[in-house]
Structures are given as structure tokens and as C-alpha cells.
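Inside the fold
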Amino acid sequence: MIRINCPWCGERNMVEFTYGGDANNVYPGLSEETSEKQYFEYTYLRDNPCGPHLEYWHHVNGCRQWIKVKRDTLTHEVIATVPADKPVGEKE
Amino acid sequence: MSRYSALEVLKGGLTGQKHWQRAWRDPEPKQEYDAIIIGGGGHGLATAYYLAKLHGMSRIAVCEKGYLGGGNVGRNTTIVRSNYMLEDNAHFYEHGMKLWEELSQDINFNVMFSQRGIINLAHSDAQMDAFARRGNAMRLNGIDAELLTRDQVKEHLPMLDYSGKARFPVYGGLQQPRGGTARHDAVAWGYARAADMLGVDILQNCEVTGFDIHDGKVQGIQTTRGAIKSGKVGIAVAGNTSRVCALAGLNRLPIESHKLQAMVSEPLKPFIDTVCTFGAGHFYVSQSDKGGLVFGGDLDGYNSYAQRGNLPMVAHVLQCGMALMPAIGRIRLLRHWAGVMDMSMDGSPIISTTPVKGLYLNGGWCYGGFKATPASGWCFAHTVAQDRPHRLNEAFTLDRFERGYLIDEKGVGPIPALH
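Here goes a summary of the coordinates provided.

**Considerations on the pattern of salt bridges**
All names here are of chain B.
- Inspection of the entire model under this criterion finds 25 salt bridges over all chains.
- The partner of Arg183 in a salt bridge is Asp185, and the shortest N-O contact between them spans 2.9 Å.
- We classify Arg183 as partly exposed; its relative accessible area is 29%.
- A salt bridge links Lys357 to Asp387; its shortest N-O distance comes to 2.9 Å. Of this pair, Lys357 sits in the loop between β18 (350-353) and β19 (359-363) while Asp387 sits in the loop between α9 (373-386) and α10 (400-403), placing them 30 residues apart in sequence.

Right under this line is the structure:
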């Protein structure tokens, strides 16, 4: 069972959350300089690491806030959690 | 090595059945091969077999990091079907179904293929309409499909909840009578033995640690058992696709690795003689020849390389099961486990050439890999041998996402956890 430390609510069971995917994936924006290739990469390509992974979770059955979680995809250990708009650490 | 036959068993009866030899060799890696397949699961072994049998290649190696068949080929729910609606999927999986029907004879190994049929249940009028559409598409593509009424479903599946209290009443179902199950381990062992008899070297405990690529062309691989040269390397590593491809410089693929759980009950007397899928939640069931009910559900829903599951999904699957067939309430689960699925961005597989010359990719199987084993190996062997896809897999390219030619059977978009 994964327990996620919500920055607002404290440690909660994973069933209160839904998964929001890879948090390294940044929307390329709507400016005219944005190329099709950028949209393609944003929409379809993933690092898919085996190990620490930065991802969004939504505390949908709790405070309904989006949070950013650093979690190991092999061991399921939750390494860090922060509000979705904050950086997790010095490196992202 | 001798062929398996009833006569061999009878002859062995006179000598205490002591004449059986090991089913495949344990060779040392050679310095060079005509082709190397990475991944000793069902798809890799099938690919090696068809390369040797149909494409006249004799020097072939299969590199497996662990033991043969220890990955998803031994972790699935053994279901075989070809009830797909989209043209590209339909022809590919139906070709696979035809290979399944001949497989035990072809590889001289009883894979216990049982065409007990598969019934997808519908729980609303809209779902019946959708099934009628899918069934019609299947029949136009030459695949068997029957739309069943509620009463017809009741004849096949009397143990479902048909009372007025059912949370999701059964409206009917779509049946593929030729679908069924096969013994998953036997598929791995059978392909391994058949490939070995054609001279394929199966190298276990041989993990790939790097690729030798010069001028955009593959020259060989580095492994934990030394360097091996080859101008053709095929990757068939399911959930580890992103990791192995990254070693070859193919970073960022249209794939996420997720885990899918399955579970099996204690052995029961015959209870259900077909494969049945719940149409209103994540639950499907069949009964193994040993008597255990084999349950499957949905992905846990988050990226994972762990070959074990979390309990919330077990509870969810069994709640669905209880809603559909309350009779299972008193039986106990024996085991549950998980496999790592290479979820592609459109839910369909990739059997393709890559930007690296001589490097080929077989992946993105989502959770449909087992039934595809023969067709996947057959098509991948063609792709590796001819350096171009067969007509059956020409749509399953790696670059289809960039070109916009997605094959999205469920129509849910680029969210791997939903396929």
C-alpha cells in the first residue's frame, strides 16, 4: 500500500488519490513559435524511468489539491511531496 | 532430441520413463550471430522460432536476463481472443488465432489451447449497440462473433446474478466462440524447445548492458556474459522496453510501464466453462484446468516496475466479481501477482524498425501480449529478417504517433493507464 504525504492533509492512503502522470512533462504553450514536434513530444513521449519518478497526484477524495510526488517506480517508496506548483528539490 | 509422441511415452513405459532429455540446451554464447533477440519471453522465443523455421536463419541467439518465461508470459491470465474492431488489429490478431489453432502440432508441444469461447457482457442498451457494431466489424473481417441475448448468456453463464437486485443487470453479450485459453508456461517452453531444436541458442542469465552502434548501425551487444556481435538485434522485453531502448540511445518512447495484477483462487470443481468479462467494471474470469478461478482486473494506474501488486486493486476487482457472480463470495484466493506492462500511447503494439539500422522493436503490448504471442513472433521475425514489416504489422510502426496514424481501439487518447 502506498501512503502519500499530502502537503495539506498529512499522510493519507493512496486510494484517496488519483494519478496524474509524469510531472516532468511541461505543456509547450500556445505561442506561435511552438513547433508540432514539441506538441508531439509533450503528448506522446515519456522518460518512463525505473527508479525515482516525478509525478502528479490529485487528492480527489481529500482536499482536492494537485500535488507533486517523487516516488520510486521500482520500490513504490514515496521520496518527497510538495504542492504541484513548487519544485521538489534542487534538481528536477 | 526426439519428438514428443504417444509412442515415446509407451516406449518409456518399458524403461521407467528415464529416457527423457532436457527440453533445450544451455549453451555458451558464441562470438557472433546472424540475429540476436533480447528477451526470452513468449514473444522473443516465438520470434527466434519463426526466424529459424520460416526465414532460413540458423545462427540465432535469445538473450534472457533471468530465467526463461519468468516475465509476463508466466504472469498473464492465459486468455486468447481476436475480437478486435479496428482493421489493423483485427487482421493481426486473427492471424494469431489461426496460428494458435495449429500451434501444439507445429511446435510439437501441448500448449493446452482450449477454445472454450469468450463472452464480453453488456449491461446497458448502449453497450449492446456498441457490441453489435464490434461484432459486425469482426464478422466483416472474417472473425467469428455472436451477439447473445440475456437468455442466451444465461445458458452459458448460469452463475451470474440475474435477480432484480443485480447492481449492473446483464443485458446480453458478445461472444467469440473460437476464443479461449492456453497454458501460458507451455507456450514459453514449447517455443523454446522448438527453437532450440532448430539450432537457436537460448542464453539465460544473460542481461544486456549496452549496444555497440556505429554510424547509426547496430554491430552487436554487451551482456553480462560478454560481448556478442550481430548486425540484427530485436528487442522484445515488454515492461522493460524503455530501459533497454535507452541503452541503444532511443530515449523517450511513446510507452509507460504500469503493473497489472491477476489472482487465482483455490481449486474448485468445474464452475465456469468459458471466459467471461464484466462490462461494467474491471473483472474477468476463467477457470484453469487445475480448477482455480483466474481473475484479472485493471492496471493499478500509476507508473511501476514492481512485479507485485497493491491491495486496493485486488479489493476492487473482487468487488466487481461479487457484483457479477455472488457465488464466489466464499472461495479463498491462493495467490496474487503482477506483471509490468509496456503501455503504449494508443493501446496498440509496436512491431517496427527503429532509427538505428539493424535494431528492431517489439513492444507496447499493453495487457494484450499473451494472445498475440504467435502472431507477434511471426511478424517480428519477418521484420527482422527482411528489414521491413510484413503487411500484417506495417501499421504498428514506432513513428505512427508522430505521423498521427494512431490505432486506438478504445478511443481514449494518449493516456496509457486508461487503455
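**Topic: helix α4 (residues 125-140) of chain B**
Residue and element names in this part refer to chain B.
- Relative to the 22 Å expected for 16 residues at 1.5 Å per residue, α4 spans 23 Å between its end C-alpha atoms, a close match to the ideal helical length.
- Within the span of α4, buried status applies to Gln127, Met128, Phe131, Arg134, Gly135, Ala137 and Met138.
- Where α4 is buried, its residues contact β4 (118-122), β5 (146-149) and β6 (172-176).
- At the C-terminal side of α4, Gly142 shows a positive phi close to 80 degrees.

**Observations regarding the packing of aromatic side chains**
Residue and element names in this part refer to chain B.
- Overall, the coordinates contain 20 aromatic pairs over all chains when judged by the stated rule.
- Taken together, a centroid distance of 5.7 Å and an interplanar angle of 55 degrees make the contact between Tyr49 and Tyr191 tilted. Here the residue Tyr49 occupies a position in helix α2 (residues 42-54), and Tyr191 occupies one in helix α6 (residues 184-197), the gap between them amounting to 142 residues.
- Considering the side-chain rings of Tyr50 and Tyr191, the 5.8 Å spacing of their centres and the 65 degrees angle between planes classify their relative orientation as edge-to-face.

**So, the pairing of strand β9 (residues 208-214) of chain B**
Residue and element names in this part refer to chain B.
- One ladder, built from six bridges, connects β9 with strand β10 (residues 217-223); its direction is antiparallel. Looking across to β10, one finds that Gly210 is bridged to Gln222.
- Count of turn residues in the β9/β10 antiparallel hairpin: two residues, of which Asp215 carries a positive phi of about 50 degrees.

**Some details on the interface of chain B and chain A**
- At the interface, 24 residues of chain B touch 24 residues of chain A.
- Carbon and sulfur atoms supply 56% of the area that chain B and chain A bury against each other, a total of about 2200 Å² over both sides.
- Looking only at chain B, the three residues that lose the most surface to chain A are B:Arg252, B:Asn303 and B:Tyr305, adding up to 31% of its buried area.
- Seen at the junction of chain B and chain A, the total is two salt bridges.
- Among the ionic pairs, A:Arg46 bridges to B:Glu256, the shortest N-O distance being 3.4 Å.
- Only α7 (241-247), β13 (255-267), β16 (292-303) and α10 of chain B provide two or more residues apiece to the side of chain B that touches chain A.
- Among the elements that make up the side of chain B that touches chain A, the one with the highest residue count is β13(B) (five residues).
- Class assignment of the residues belonging to the side of chain B that touches chain A gives a composition of 11 nonpolar, seven polar and six charged.

What counts and how
Residues numbered from 1 in each chain as written. Chains lettered and ligands numbered in written order. Predicted model: local features only at pLDDT ≥ 70, side-chain atom pairs only at ≥ 80, totals over all residues. Heavy atoms only, no water. Salt bridge = Lys/Arg side-chain N within 4 Å of Asp/Glu carboxyl O. Buried < 20%, exposed > 50% of the residue type's maximum accessible area, 1.4 Å probe, protein only. Helix = DSSP H or I, 4+ residues; strand = E, 2+ residues; numbered from the N terminus. Expected span 1.5 Å × (residues − 1). Contact = heavy atoms within 4.5 Å. Phe/Tyr/Trp six-rings, centres within 6.5 Å; stacked < 30°, edge-to-face > 60°. Pairing = 2+ DSSP bridges. Buried area = accessible area lost by both parts, 1.4 Å probe. Nonpolar A, V, L, I, M, F, W, Y, C, P; charged D, E, K, R; others polar.

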